[in-house]
Amino acid sequence: MAREHNNKADKEDGDGIIDKLVAVNRVAKVVKGGKRFGFAALVVVGDGKGKVGYGSGKAKEVSDAVKKATEDAKKHMIRIALREGRTLHHDIAGRFGAGKVYLRTASPGTGIIAGGPMRAVFEALGVQDVVAKSIGTSNPHNMVKATFDALTRMRSPRAIAAKRGKKVGEIIGRREAGANSKEKIEEGKE
């Protein structure tokens, strides 16, 4: 069974990379003389400024498994565009297997409201304000992969403007106009 670890296992390297140990799973192989134990680790790494990756490793010792997982995570880091360097650009859902996650933007001061594996991803990524909900599974591997699915499908206004051949102001103007129309509707109800 997977064991989630607290933040004591979190480290920051000299190169500014934040390591977060998400889960360690102990597996036993029954042999003639008894049992042989092995360990599988899931690690999330990030620079706290928009780059994040995850990796897994297996070994006979926990420290070797964590080292392998960290190296794997550093190889597979991706860049995610953040809004104002603190939250997501828009709400999005992600999915992997039976795991579904919903990620929502949040106003300043909200903090990271998310479950264990998702919290590790957001802390390593550098997100400060987000509301996230996991539905379907509590398996840390599936939750991390579903979170990455959502993050990779998220588009920044700059990317959308480039794709449509428009200016960023036109794209952001629509987003703010939508917020203003909601306020007007709420004012009309009072």
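You'll find the structure just up there.
Here the structure is a predicted model, which means the values were calculated and not measured.

A. The arrangement of the overall build of the chain in detail. A count of helical and extended segments in the chain gives five helices and 10 strands. Buried positions account for 38% of the 190 residues belonging to the chain. Long-range contacts, defined here as pairs at least 24 residues apart, represent 51% of the contacts in the chain between residues at least 6 apart. A total of about 11300 Å² of accessible surface is found on the chain, and carbon and sulfur atoms cover 50% of it.

B. Seen up close, the environment of Val101. Among the structural elements, Val101 can be located in strand E8 (residues 99-105). Residue classification places Val101 among the buried residues on the basis of a relative accessible area of 1%. Each C-alpha atom, one on Val101 and one on Asp149, is 9.3 Å from the other, the two residues being 48 residues apart in sequence. For Val101, the residues in contact, after removing those within four places along its chain, are Ile92, Ala93, Gly94, Met118, Lys133, Ser134, Met143, Ala146 and Thr147.

C. Here's a closer look at the nonpolar core. Residues Val52, Leu88, Leu103, Met118, Phe122 and Leu151 are the most contacted members of the largest nonpolar core, which totals 29 residues. When contributions to this core are tallied by element, the ones reaching two or more residues are strand E3 (18-31), strand E4 (34-46), E8, helix H2 (116-125), strand E10 (130-135) and helix H3 (140-153). With near-sequence residues (within four places) excluded, Phe122 lies in contact with Leu103, Ile112, Ala114, Val127, Val130, Ala132 and Thr147. With 13 residues, the next largest nonpolar core counts Ala41, Val45, Val66 and Ala73 among its residues.

D. Looking closely at the environment of Gly136. Structurally, Gly136 can be placed in the loop between E10 and H3. Judged by relative accessible area, Gly136 falls into the exposed class, the value being 69%. Sequence spacing of Gly136 and Gly97 is 39 residues, and the spatial spacing of their C-alpha atoms is 9.2 Å.

E. Region of interest: the sheet that holds E10. If you trace the four strands from one edge of the open sheet to the other, you get E7-E8-E10-E9, paired in mixed fashion. The sheet is open, and its two edges are formed by strand E7 (92-96) and strand E9 (112-113), each paired on a single side. Across two bridges, E9 lies against E10 in parallel orientation. Counted as the bridge partner of Ile112 is Val130 from E10. On the sheet, H2 packs against E8, E9 and E10 and is oriented at approximately 150 degrees with respect to E10. Where H3 meets the sheet, its contacts fall on E7, E8 and E10, and the angle it forms with E7 comes to roughly 135 degrees.

F. Expanded view of the pairing of E3. Two strands pair when backbone bridges link them, and E3 and E4 are joined in this way by 13 bridges, in the antiparallel orientation. Opposite Val24, over in E4, you have Ala41 as the bridge partner.

G. Quick look at H3. Relative to the 20 Å expected for 14 residues at 1.5 Å per residue, H3 spans 20 Å between its end C-alpha atoms, a close match to the ideal helical length. All of the buried residues along H3 are Pro140, Asn142, Met143, Val144, Ala146, Thr147, Phe148, Ala150 and Leu151. The N-terminus of H3 is capped by Asn139, whose side-chain oxygen sits 3.0 Å from the backbone nitrogen of His141.

The rules behind these values
- Residues numbered from 1 in each chain as written.
- Predicted model: local features only at pLDDT ≥ 70, side-chain atom pairs only at ≥ 80, totals over all residues.
- Heavy atoms only, no water.
- Helix = DSSP H or I, 4+ residues; strand = E, 2+ residues; numbered from the N terminus.
- Buried < 20%, exposed > 50% of the residue type's maximum accessible area, 1.4 Å probe, protein only.
- Contact = heavy atoms within 4.5 Å.
- Areas by Shrake-Rupley, 256 points an atom, 1.4 Å probe, with all protein chains shown as cover.
- Core = buried A, V, L, I, M, F, W, Y, C linked by side-chain atoms within 4.5 Å.
- Pairing = 2+ DSSP bridges.
- Axes fitted to C-alpha atoms, helices over the stretch in contact; angles between N-to-C directions.
- Expected span 1.5 Å × (residues − 1).
- Polar contact = N/O pair within 3.5 Å; in protein donor to acceptor, adjacent residues only side chain to side chain.

Structural measurements only, silent on function.
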